[in-house]
Number of protein chains: 2
Amino acid sequence: MTTTSGTSNGILKSAEEIAKAAKAAYEESQLVTTEQRNDVLESIRRALQASRDKVFEANRLDLEAAEKEVQAGRLSQQLVKRLDLTKGSKFDDMLQGISDVAALPDPTGHVTYATNLDEEMELYRVTCPIGVLLVIFESRPEVVVNITALAIKSGNAAILKGGKESAHTAALLTSIVQSALSTSPLSPSFIQSVQTRQEISALLSQDRYIDLVIPRGSNALVRSIQKASRIAVMGHPDGLCAVYLDASADGTKAVRIAVDAKCDYPSACNSAETLLVHESLITTVWPKVALALLDKGVQLRCDAASLAGLRSSSEVSNNKSFASLVREVTTEDYDTEFLDLILAVKVVSSLSQAVQHINAHSSHHTDAIVTENAENGTLFCRAVDSAGTFVNASTRFADGFRYGLGTEVGISTGRTHARGPVGLEGLVIYKYMIRSADGKGSIAGEFGTGKKPFLHQKIQGVTRLPF
Amino acid sequence: MTTTSGTSNGILKSAEEIAKAAKAAYEESQLVTTEQRNDVLESIRRALQASRDKVFEANRLDLEAAEKEVQAGRLSQQLVKRLDLTKGSKFDDMLQGISDVAALPDPTGHVTYATNLDEEMELYRVTCPIGVLLVIFESRPEVVVNITALAIKSGNAAILKGGKESAHTAALLTSIVQSALSTSPLSPSFIQSVQTRQEISALLSQDRYIDLVIPRGSNALVRSIQKASRIAVMGHPDGLCAVYLDASADGTKAVRIAVDAKCDYPSACNSAETLLVHESLITTVWPKVALALLDKGVQLRCDAASLAGLRSSSEVSNNKSFASLVREVTTEDYDTEFLDLILAVKVVSSLSQAVQHINAHSSHHTDAIVTENAENGTLFCRAVDSAGTFVNASTRFADGFRYGLGTEVGISTGRTHARGPVGLEGLVIYKYMIRSADGKGSIAGEFGTGKKPFLHQKIQGVTRLPF
């Protein structure tokens, strides 16, 4: 492993050394308490507060470099906006975010299974941190602080890699965090950052030390990491969500939900990319929905049946945007995450055809049905194999904060560990502890057929470890 | 994909076709109820019961081939024993196993989070199957039926690959299962089997259709699959467990637990491979423990300090087995899973040194402390980063049945999804469902700063989905 990285004290470290240091910091932290971790978070907040001017200075270096890239046409103005930590209340919001995370309930130390194995032998399953996280994200520098807070709160060590555009800001933020850690019960290596893609690719093979990779960013980024890594990856390459208007769909609900799911924030992963319309609605509800979408400037890519429905409605076909915004769909459109004001439309002849289309084409993120038929709502929720299945609610609700999880580590379209919006619970696993008070010590050889039976008597009401 | 496999009806299928068929069978099964799945299990039991003679015939073919391999010195007699389904009550036990799994509580359909997002909008998190499992195991043919039962009970489709030595038996068992499925609400492709290693390697790249790989078998098998797969893998390559005798260890407990952990079943993954001894016990408890282990024929590989302790005890050094069973340890011994009557011994000067040794050398499976000091017990349980940490109990208790999980899908030393002995709970994930009864349908654009707040009011007492 020859890829190296600068650290705050100027010593170059290889990917293996970084990963090993993170695991060591994690192992050393096992006895650090919830209260101590919360105190660490507050001391990081204070350290950042005190370094505000320096952070703004580093941020200006990143912004200047980014502006040059924009002028050269290599970067979008949009990205520069995201880089800027000096605007409005962004910096203070970042600091408040630390306190908000500190105030969340501790996800570790919960007893989720407790049983007496024998008269004097208890078994407890207790939530605990996973270990070492590798988190890869794009250009917003405040994510460094956000992830730091989530990692410390949940007891996981973390290695962070932000977008190269925010390199100065991210490096300074990490170094402030590490200084604060150096006078805390946690090791400074509990939070580390790396700068280059080469380091990431070297880190992805450190499966001995790194336990979970969380890529947050573009489809291409997430896919490339899923492909390269032998370590568990939590994320979502795509958000290809669908809204299905069932035969019994209420017109008002259909319009509101289709418009919200598509237009509320088109570049979000929980926005709708596909609209499925039951054939019975072609000349009734569908033209109303289409009109509302055209009013919002949504391009409608229609199959033959839905197009025929629009053509048969004089209100739609005479709409000023009809010519410019309505066009024929292509097969690829049903597999495309537009992240824009574009919607692929398809007419289906039954609920079951809608479900089949969604299971075949959606990214298993979030899909919604609009229906007045409760049974169809239930069938849809059960049969659609996605992380979120909604009845008469917009796909846009799929979000950790909206779900009430307190925070959002990411959204997972995976099917193991965590699925859908992931809160702090997604950063913990559990371990089993046995405590025997048997006078002679408990041995397995005394149990089994013809010997002692296991009690397997649930211990009621224990939510925290009693020892 | 050109690797192909025979199926019960003689048509050759590629790995991709097999994986795709499994996912299709899974998706089609979403509306199959718990009761129907239990009925399917009983019909499989009846079908197997009716085909007993045929199964024995196929098993005899495997046994004959295996005997030839034994005579040629290419296979152990031990393995032939494991292959044999005709011996004793093995076949009936296998059938009873199906009913036992059917009788377990359904792991799906549990509501684990329920909250009102708005006056008339409810969010439920509900456990559901993962999707498609690829299960790879060694030669015991009854595992085909065991895994089939676990997969159907938990609602997961499965692709099975057993050891090549049981090919005839496994193929027949699968074909009986598939016949039973063909008259059930589940598709025959819900359970499929493949025969060759090439097929496995082709299946490991089918991450679009396969959601979880469960390798059960040798260290080499599990490692090679972890290395080759981009799909989540649940398993444990090693079981390198340690027992630590703390300064305050009770002599009787130390002897009983060390002997049980090493000798109860030396080839099991939860057997101890390393004994750590606090330096204060070198001439007191340690010689007693050593004597008991020598009596059981355990080879002791000792560091200098533990060896000196034994030499200083005339009872030990005069023991008839001393010369043949006591020897010096090598560094590799502390990283070796002996799976035999061999124990690596090391003297440590503190609890913290014991913890550090374990975290550095154990496979994070299960480790135990023998201590009369409750605080040290707690520190050990928290600081040792393993799936199981036990106080005054043998590592041999780490087992799904012993834990009271009802069954054991496998044991995981991974740190995401499931850890330690895994019951049916390890074969489920969850999805989020929103049901809105808002008269206009629920849209995200109406919530947020300056707009409607989210209620986030927990719905109490809901354990099953109310719709």
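Treat the numbers as computed from the prediction; the structure is a model and nothing was measured.

About the thresholds
Residues numbered from 1 in each chain as written. Chains lettered and ligands numbered in written order. Predicted model: local features only at pLDDT ≥ 70, side-chain atom pairs only at ≥ 80, totals over all residues. Heavy atoms only, no water. Helix = DSSP H or I, 4+ residues; strand = E, 2+ residues; numbered from the N terminus. Buried < 20%, exposed > 50% of the residue type's maximum accessible area, 1.4 Å probe, protein only. Contact = heavy atoms within 4.5 Å. Salt bridge = Lys/Arg side-chain N within 4 Å of Asp/Glu carboxyl O. Core = buried A, V, L, I, M, F, W, Y, C linked by side-chain atoms within 4.5 Å. Domains from an automatic or database assignment. Least-squares fit on C-alpha atoms with pLDDT ≥ 70 in both. Pairing = 2+ DSSP bridges. Axes fitted to C-alpha atoms, helices over the stretch in contact; angles between N-to-C directions. Expected span 1.5 Å × (residues − 1). Arc of directions from axis to C-beta. UniProt positions renumbered as here; feature names shortened; annotations may be inferred.

A. Up close: the overall build of chain A. Looking only at helices and strands, one finds 16 helices and 20 strands in chain A. The principal-axis extent of the C-alpha atoms belonging to chain A is close to 85 × 70 × 40 Å. Burial analysis of chain A (467 residues in total) assigns 61% to the buried set. Restricting the contact set of chain A to residue pairs at least 6 apart, pairs at least 24 apart contribute 73%.

B. Summary view of the pattern of salt bridges. Scanning the model with the defined rule gives 40 salt bridges over all chains in all. Here Asp-333 of chain A and Arg-301 of chain A are joined by a salt bridge, their closest N and O atoms 2.9 Å apart. With Asp-333 of chain A in the loop between strand 13 (326-328) and strand 14 (342-348) and Arg-301 of chain A in strand 12 (residues 299-302), the pair connects residues that are 32 residues apart, well separated along the chain. Asp-333 of chain A gets classed as buried once you look at its relative accessible area, which sits at 6%. Salt-bridge contacts for Glu-273 of chain B lead to Lys-262 of chain B; the nearest nitrogen and oxygen are separated by 3.0 Å. You can see Glu-273 of chain B sitting in strand 10 (residues 272-278) and its partner Lys-262 of chain B sitting in helix 10 (residues 251-263), a full eleven residues away along the chain. Accessibility expressed as a relative area gives 0% for Glu-273 of chain B, which makes it buried. Taken together, the shared-partner salt bridges connect Lys-23 and Asp-211 of chain A together with Asp-385, Arg-415 and Arg-419 of chain B into one network.

C. Layout of the nonpolar core. Residues Leu-300 of chain A together with Leu-300 of chain B are the most contacted members of the largest nonpolar core, which totals 243 residues. Excluding its chain neighbours within four sequence positions, the residues that come into contact with Leu-300 of chain B are Trp-286, Ala-290, Leu-293, Leu-294, Leu-310, Leu-325, Val-326, Arg-327, Leu-343 and Val-345 of chain B.

D. Just the domain arrangement of chain A, in detail. Along its sequence, chain A is carved into domain 1 (4-233) and domain 2 (241-397). In this structure, domain 1 of chain A and domain 2 of chain A have C-alpha centres spaced 38 Å apart.

E. Structural view of the relation of the copies chain B and chain A. When chain B is fitted to chain A, the residual RMSD is 0.1 Å, and the transformation amounts to a turn of 180 degrees plus an axial shift of 0.0 Å. Expressed as a symmetry operation, the mapping of one chain copy onto the other fits a two-fold axis. For chain B, the smallest separation between a C-alpha atom and the rotation axis is recorded for His-417 of chain B, amounting to 1.8 Å. Same-surface contact between copies: 100% of interface residues of chain B are shared with the interface of chain A.

F. Highlighting the sheet that holds strand 9 (residues 232-233) of chain A. All names here are of chain A. With parallel pairing, the five strands of this open sheet are ordered in space as 7-6-5-8-9. A strand with exactly one partner marks an edge of an open sheet, and here the two such strands are strand 7 (191-193) and strand 9. Of the strand pairs in this sheet, strand 5 (residues 132-136) and strand 8 (residues 212-215) are connected by four bridges, and their pairing is parallel. Across the sheet, Ile-136 pairs through a bridge with Pro-215, a residue of strand 8. Of the strands in this sheet, strand 5, strand 6 (157-161) and strand 7 are in contact with helix 1 (residues 15-28), which crosses strand 6 at around 145 degrees.

G. Looking closely at helix 3 (residues 52-71) of chain B. All names here are of chain B. Counted at 1.5 Å a residue, the expected span for helix 3 with its 20 residues is 28 Å, and the 28 Å between its end C-alpha atoms agrees. If you check which residues of helix 3 are buried, you get Val-55, Phe-56, Ala-58, Asn-59, Asp-62, Leu-63, Ala-66 and Val-70. Buried residues in helix 3, looked at end-on, bunch into an arc of 160 degrees, giving them a common side. Turned more than 90 degrees off the buried face of helix 3, the exposed positions are Asp-53, Lys-54, Glu-57, Lys-68 and Gln-71. Those residues of helix 3 that are buried are in contact with helix 4 (77-83), helix 5 (90-103) and helix 7 (167-182). Positioned one or two residues after helix 3, Gly-73 has a phi angle of 75 degrees, which is positive.

H. Quick look at helix 2 (residues 34-50) of chain A. All names here are of chain A. With 17 residues, helix 2 ought to run about 24 Å at 1.5 Å a step, and its terminal C-alpha atoms sit 25 Å apart, in line with that. The set of residues buried in helix 2 consists of Arg-37, Asn-38, Val-40, Leu-41, Ser-43, Ile-44 and Leu-48. Where helix 2 is buried, its residues meet helix 3 (52-71), helix 5 (90-103), helix 6 (142-154) and helix 7 (167-182).

I. Representation of the UniProt feature "domain: Aldehyde dehydrogenase" (unreviewed entry) in chain A in the model. The UniProt record annotates "domain: Aldehyde dehydrogenase" (unreviewed entry) at residues 13-289 of chain A. Counted over residues 13-289 of chain A, helix gives 49% and strand 18%. Its end C-alpha atoms are 57 Å apart.

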